[in-house]
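# Structural description and commentary
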Amino acid sequence: MPPLLTANDVSKNFGGLNAIANVNIEVHPGEIVGLIGPNGAGKTTLFNLITGVYIPSGGQLKLHGEVEVDLAKASPHEIAGMGIARTFQNIRLFKEMTVLDNVMLAYHVHIDYSLWDAIFHTPSYIKSESELRRKAIELLDIFDMANKKDIPAKNLPYGQQRRLEIARALALQPKLLLLDEPAAGMNPQETADLMKLIMWIKDRFNLTILLIEHDMSVVMGICQRIYVLDYGKLIAEGTPEDIKSNPQVIKAYLGED
Amino acid sequence: MADKRRNLIRNIVTLAAIYAIIQLLISFDIIDQHLQLNLFLLCINIILAVSLNLITGFTGQFSLGHAGFMAIGAYVSAVMTLKLHLPFPLAIAASAVSAAIVGVLVGIPTLRLRGDYLAIATLGLSEIIRIIALNIDYIGGASGLADIPRYVNWPWIFAMTAGTIIIIYNFIHSSYGRACIAIREDDIAAESMGIDIAHYKILAFTIGAFFAGIAGSLYANYFYFLKPNAFGFMKSIDILVMVVFGGLGSITGSVVGAAALTLLSMVLQDLPTLRMILYALLLLVIMLYRPQGLLGNAELSWKLLKRGDKDAAATNSK
């Protein structure tokens, strides 16, 4: 099967610092791919390159949907519209908005009523807004948060804020979902639930997932393939078994004698 | 759905009642010339505050240039009715559209600015507008324009004020409004959710300026008289104070803020010095004890009224 996302020799420099150097990555439809590495290895930078927040200094980043898209030439909101959704390492919810509004906002790229419909509350506004509301509540239900739909997102407990971020990303109806440390700060029980949830939504929504995670139980538990970054360079790739026993990876994480 | 229809009917009845009662009071001269002047000023301030709230409160773009947009509307309307003898409906439409065009023009170069920097840029722009007006002899220069025909009456003021509130309220409660609020909350996240930030920032400026233009037109064709200094820095600050006083992010708040501060000015207009001191004190008290403004981001609604004041206070303080 052809890949969904390819990074070809991608680099990103900030001044003299090579945050990402000649990285090659392929993500195939339906896969869960892990991206690991020590702090400062360039994992989040790679996410920012894929989502258009940064422009690559070199190399090519392509999304292969119905048409092939050069991600270096698209802006973040266009990339989101093409079906790449993400969550953030340091949760970025719309804090003052309600839980429901956070999810409904993400449907924005799919709305089918015009500004005039919105201003004059025409029947087409009323119809699609109530349809949208129903879909958003349905989605929140999957995340066991439908009963909290009317409270501001900032009032949710930490673990649920992380889950809401995933729900919001799903509302965009993406093909590729990028998760930046989804299990950070969760206790073992929450982490186990999260793993089940990720597996479940992948099948339910037909997703391809690329995830950054420090919790090895998550990475080894759900990823089919893993890429390892260190100082901006790709030092290993393979199945969880390969990675566990790869001497270079062990060196990167534990240092040399 | 039935609930929605009932609320719609209630809203229409309430609006009609407000309109009729005030119209009657004006006809029987219970609202005399002096009161009427302040009432009209109050409504113009409501339009200004609600439209600035869309830009600053909901979209989070700190603007100090609202008086500039108002000035554009006022001068366009004055010139069209006084110099060109065109009908007022055409003049008010042209005022709104020209202010909106300037809004787009301001929106584009200031897209990369945020916070204080944006405030300074918008302030600069409104000063440019004022100084241009000051230096064009055709529109009277520093002495301004006099004898502008008075076309504005209660039906006009009422329709424009109600229209502004309804349209901006509807906008905020749609997907487009959510996009604006999301930009205020976290622009990076909004962008990653597919929101074209530049587009919505400009849209907010455009709609806000459109209604400020209407306010300017109403002002010009009610008060007979226009001069550039009426649209200085202090006017922008006045509008901003109303918005902050009522609560950034609450349309009801802007209405309340505009009403409260206009009435305060009216009551104290014989004591100009004391007025400024009280004004400042009031602001200090609000900022110290209720920094989110009177209403925070809560809106007045039928549901809220039914639940009673106690619950309303509880939701507000959250």
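Here the structure is a predicted model, which is why all the values come from computation and not from measurement.

What counts, and where the lines are drawn
Residues numbered from 1 in each chain as written. Chains lettered and ligands numbered in written order. Predicted model: local features only at pLDDT ≥ 70, side-chain atom pairs only at ≥ 80, totals over all residues. Helix = DSSP H or I, 4+ residues; strand = E, 2+ residues; numbered from the N terminus. Rg over C-alpha atoms; globule rule 2.2 N^0.38 Å. Contact = placed C-beta atoms within 7 Å. Pairing = 2+ DSSP bridges. Domains from an automatic or database assignment. Nonpolar A, V, L, I, M, F, W, Y, C, P; charged D, E, K, R; others polar. Axes fitted to C-alpha atoms, helices over the stretch in contact; angles between N-to-C directions. Expected span 1.5 Å × (residues − 1). Buried ≥ 20, exposed ≤ 12 C-beta atoms within 10 Å, placed from the backbone. pLDDT = per-residue confidence, 0-100. Core = buried A, V, L, I, M, F, W, Y, C linked by C-beta atoms within 7 Å. Left-handed = near helix turned anticlockwise from the far one by under 90°.

Once that is clear, we can look at the overall build of chain B. Scanning chain B from terminus to terminus reveals 14 helices and 0 strands. Listing every helix and strand of chain B by position from the N terminus yields α-α-α-α-α-α-α-α-α-α-α-α-α-α. Taken against the 2.2 N^0.38 rule, which gives 20 Å for 318 residues, the C-alpha radius of gyration of chain B at 19 Å falls within 12% of a compact globule. Projected onto the principal axes, the alpha-carbon positions of chain B cover approximately 55 × 50 × 40 Å. Counting contacts in chain B only where the partners sit at least 6 residues apart, residues at least 24 apart contribute 78% of the total.

This part covers the overall build of chain A. Within chain A, the regular secondary structure consists of 10 helices and 10 strands. Scaling as 2.2 N^0.38, a compact globule of 257 residues should have a C-alpha radius of gyration of about 18 Å, and chain A matches this with 19 Å. Dimensions of chain A, computed from the C-alpha atoms along their principal axes, are close to 70 × 40 × 35 Å. Restricting the contact set of chain A to residue pairs at least 6 apart, pairs at least 24 apart contribute 66%.

Moving on: the pairing of strand β2 (residues 17-27) of chain A. Residues and elements named next belong to chain A. Across 7 bridges, strand β1 (residues 5-14) lies against β2 in antiparallel orientation. Paired with Leu 5 across the bridge in β2 is Val 27. Joining the antiparallel neighbours β1 and β2 is a turn of 2 residues, in which Gly 15 adopts a positive phi near 60 degrees.

Okay, the domain arrangement of chain A next. Residues and elements named next belong to chain A. As far as domains go, chain A holds domain 1 (1-83 + 174-257) and domain 2 (92-173). The C-alpha centroid of domain 2 is placed 27 Å from the C-alpha centroid of domain 1. Tallying the contact residues gives 10 residues for domain 1 and 9 residues for domain 2. When its residues are assigned to classes, the side of domain 1 that touches domain 2 shows 7 nonpolar, 2 polar and 1 charged.

The next subject is the sheet that holds β1 of chain A. Residue and element names in this part refer to chain A. Taking strand neighbours across the sheet as the criterion, the 4 strands line up as β2-β1-β4-β5 in an open arrangement whose pairing is antiparallel. At either margin of the open sheet sits one strand with a lone partner, and together these are β2 and β5 (68-70). Between one strand axis and the next, the sheet turns through 25 degrees on average, direction left out of account. Of the strands in this sheet, β1, β2 and β4 (58-64) are in contact with helix α1 (residues 43-50), which crosses β2 at around 65 degrees.

Residues and elements named next belong to chain B. In this model, helix α10 (residues 233-246) (14 residues) spans 20 Å end to end at C-alpha, consistent with the 20 Å of a helix rising 1.5 Å per residue. Burial in α10 covers these residues: Ser 236, Ile 239, Leu 240, Met 242, Val 243, Val 244, Phe 245 and Gly 246. In this structure, the buried residues of α10 make contact with α2 (33-58), α3 (66-83), α5 (115-134), α11 (251-267) and α12 (272-289). Among the residues trailing α10, Gly 247 stands out with phi positive, at a value near 120 degrees.

When pLDDT is averaged across chain B, the result is 89; 94% of the residues are at 70 or more. Note that pLDDT drops below 50 for residues 309-318 of chain B; the model gives that stretch 6 contacts with residues more than four away or on any other chain.

Let us look at the environment of Ala 183 of chain A. Mapping Ala 183 of chain A onto the fold places it in the loop between β7 (176-180) and α7 (188-204). Look at Ala 183 of chain A and you get buried, because 23 C-beta atoms sit within 10 Å.

The next thing to look at is unusual backbone geometry. Backbone geometry places Asp 144 of chain A, a non-glycine residue, at a positive phi of 55 degrees. Tracing the backbone shows Asp 144 of chain A in the loop between α5 (123-142) and α6 (158-171). The backbone of His 85 of chain B shows a phi angle near 55 degrees, a positive value even though the residue is not glycine. Inspection of the secondary structure puts His 85 of chain B in the loop between α3 and α4 (88-107).

Moving on, we get to the domain arrangement of chain B. Residue and element names in this part refer to chain B. Domain boundaries assigned for chain B yield domain 1 (1-31) and domain 2 (39-244). A C-alpha centroid distance of 27 Å is found between domain 1 and domain 2. The partner domain 2 presents 4 residues to the 6 residues of domain 1 that form the contact. Of the residues belonging to the side of domain 1 that touches domain 2, the class tally is 5 nonpolar, 1 polar and no charged.

All right, on to the pairing of strand β8 (residues 208-212) of chain A then. Residues and elements named next belong to chain A. Across the 5 residues of β8, 5 count as buried, placing the element largely inside the fold. Judged by which residues are buried, β8 turns out to be covered on both faces: Thr 208, Leu 210 and Ile 212 on one side and Ile 209 and Leu 211 on the other are all buried. Of the pairings in the sheet, the one linking strand β3 (residues 32-36) to β8 comprises 4 bridges and is parallel in character. By the bridge assignment for β8, Ile 32 is matched with Ile 209. Across 5 bridges, β7 lies against β8 in parallel orientation.

Facing 21 residues of chain B, the contacting portion of chain A comprises 27 residues. For the side of chain B that touches chain A, the secondary-structure elements that each account for two or more residues are α6 (154-172), α7 (175-185) and α8 (187-192) of chain B. Broken down by element, the side of chain B that touches chain A gets its largest block of residues, 7 residues, from α7 of chain B. In the side of chain B that touches chain A, the residues fall into 10 nonpolar, 6 polar and 5 charged.

The next thing to look at is the sheet that holds β3 of chain A. Residue and element names in this part refer to chain A. With respect to topology, 6 strands assemble into an open sheet ordered β6-β7-β8-β3-β9-β10, the strand pairing being mixed. Looking along the sheet, the strands with just one partner apiece sit at the ends: β6 (84-86) and β10 (233-238). Neighbouring strand axes in the sheet, compared pairwise and without regard to direction, differ in orientation by 20 degrees on average. α1 contacts β3, β6, β7, β8 and β9 (225-230) of the sheet and is inclined by roughly 150 degrees relative to β7.

What follows concerns the nonpolar core. Residue and element names in this part refer to chain B. The biggest cluster of nonpolar side chains holds 168 residues, and the ones touching the most others in it are Ile 47, Tyr 75 and Ala 215. Ranked by the residues each element gives to this core, the list is headed by helix α9 (residues 197-223), at 16 residues. When neighbours within four sequence positions are excluded, Tyr 75 is seen to be in contact with Ala 133, Ile 139 and Leu 226.

Before going further, it helps to spend a moment on the packing of α2 of chain B against α11 of chain B. Residue and element names in this part refer to chain B. With their axes 8 Å apart at the nearest point, α2 and α11 run at an angle of 145 degrees to one another. Between α2 and α11 lies a crossing of right-handed hand. Residue-level contacts link Asn 38, Leu 41, Leu 42, Asn 45, Ile 46, Ala 49, Val 50 and Asn 53 of α2 to Ile 251, Ser 254, Val 255, Gly 257, Ala 258, Ala 259, Thr 262 and Met 266 of α11. Here the contact of α2 with α11 is built from residues that sort into 10 nonpolar, 6 polar and no charged.

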